Amino acid sequence: MDLFAGLANTTLPRLDRAPKVLVFDSGLGGLTVLGALTAALPSADYVYAADDAAFPYGGLSDEALVARVLRVIDRLIQRERPDLVVVACNTASTLALPALRARFDLPFVGTVPAIKPAVAATRSGVVAVLATPGTVRREHTRAMIDAFADGAQVVLVGAPNLAAFAEAELRGAPVDDATLAAEIGPCFVESAGRRTDSVALACTHFPLLTGRFRRLAPWPVDWIDPAPAVARRVVALVGRSPSPRPGAPMRALFTSERPLPSALEAALESRGLTAIEREPLPLD
Ligand code: DGL
């Protein structure tokens, strides 16, 4: 098993223009990665794609998910011709990266559970990994824990509804505190005088809710967002260019034809995504 699935598979040829980067997720979670990317590498040409017709990926079987991701990425590559693809989704990366890399001759940067940084941050020796049920099931996730726990107790928590709750938040229909607290509750363990002090947010949707997590946590912990590490890998691959790319608005592409509520349009706009496009791809 390749424990370094977050690293890109291949290098990028030298370009005399801004690199085009496709940032892909099942929904809106990848916006947390896009934010880190635009901060670290403002000069790239980004397009954000949400496979909202198949959201949530955490609910699909492994076979269905690999087939879906291959199909959607194939269509997006034909349409956008990116130089690099960022799979801003742990649920997809921990399963489908090998298949993507085998099928397409492009560099793919994945997002995998930030177990190493979460272990590095702990002082108590108790770490939680908060993920979708899909990511929790993965052999890849277990292998990363075996490789990087370094003696820490790692509590793996599958939150069935949290990605949908993060989507609801951006769509202007936040869930109540008690409902949210119930999803993160299992991260907080206390035994033999030690308690969780570091939580890896192993789904890109979850950092959308960090402010609320901080308020609802029974005690303070470090919430570890993988986005900056993903951005560093992209910068290492494409190199840093000196100035922001002038002009053109960033585009957000959706695979469903569902109308966007105005709260979501505003949330996208505040992240620089002012053009909304559709690439309809219904889930079979
Ligand atoms: N944003 C995705 C992740 O990082 C998952 C959400 C979903 O279940 O679709 O895992």
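Residues numbered from 1 in each chain as written. Predicted model: local features only at pLDDT ≥ 70, side-chain atom pairs only at ≥ 80, totals over all residues. Heavy atoms only, no water.

A few words on the site of the ligand. Ser26, Tyr57, Thr91, Thr204 and His205 are the nearest of the 14 residues found near the ligand. When the free accessible area of the ligand is taken as 300 Å², the share hidden by the protein chains comes to 99%. Tallied by class, residues from the shell around the ligand come to six nonpolar, seven polar and one charged. (Near = heavy atom within 4 Å. Areas by Shrake-Rupley, 256 points an atom, 1.4 Å probe, with all protein chains shown as cover. Nonpolar A, V, L, I, M, F, W, Y, C, P; charged D, E, K, R; others polar.)

This next bit is on the UniProt feature "active site" (unreviewed entry) in the protein chain. In the UniProt entry, the feature "active site" (unreviewed entry) is given for Cys89 and Cys203. Judged by maximum C-alpha separation, these annotated positions cover 115 residues in sequence but sit close together in space, the widest gap being only 6.5 Å. Mapped onto the elements of the fold, Cys89 is located in the loop between strand E3 (84-87) and helix H3 (90-103). With near-sequence residues (within four places) excluded, Cys89 lies in contact with Phe24, Asp25, Tyr57, Thr111 and Thr204. (UniProt positions renumbered as here; feature names shortened; annotations may be inferred. Helix = DSSP H or I, 4+ residues; strand = E, 2+ residues; numbered from the N terminus. Contact = heavy atoms within 4.5 Å.)

Moving on: the pairing of strand E5 (residues 126-131). The side chains of a regular strand alternate, residue by residue, between the two faces of the sheet. Most of E5 sits out of view: six of its six residues are buried. Neither face of E5 is exposed, since Val126, Ala128 and Leu130 on one face and Val127, Val129 and Ala131 on the opposite face are all buried. Where E5 lies against strand E6 (residues 153-158), six bridges are found, and the strand directions are parallel. Along E6, the bridge assignment pairs Val127 with Val154. Across four bridges, E5 lies against strand E9 (residues 198-201) in parallel orientation. Among the inter-strand pairings, Val129 is bridged to a residue of E9, identified as Ala200. (Buried < 20%, exposed > 50% of the residue type's maximum accessible area, 1.4 Å probe, protein only. Pairing = 2+ DSSP bridges.)

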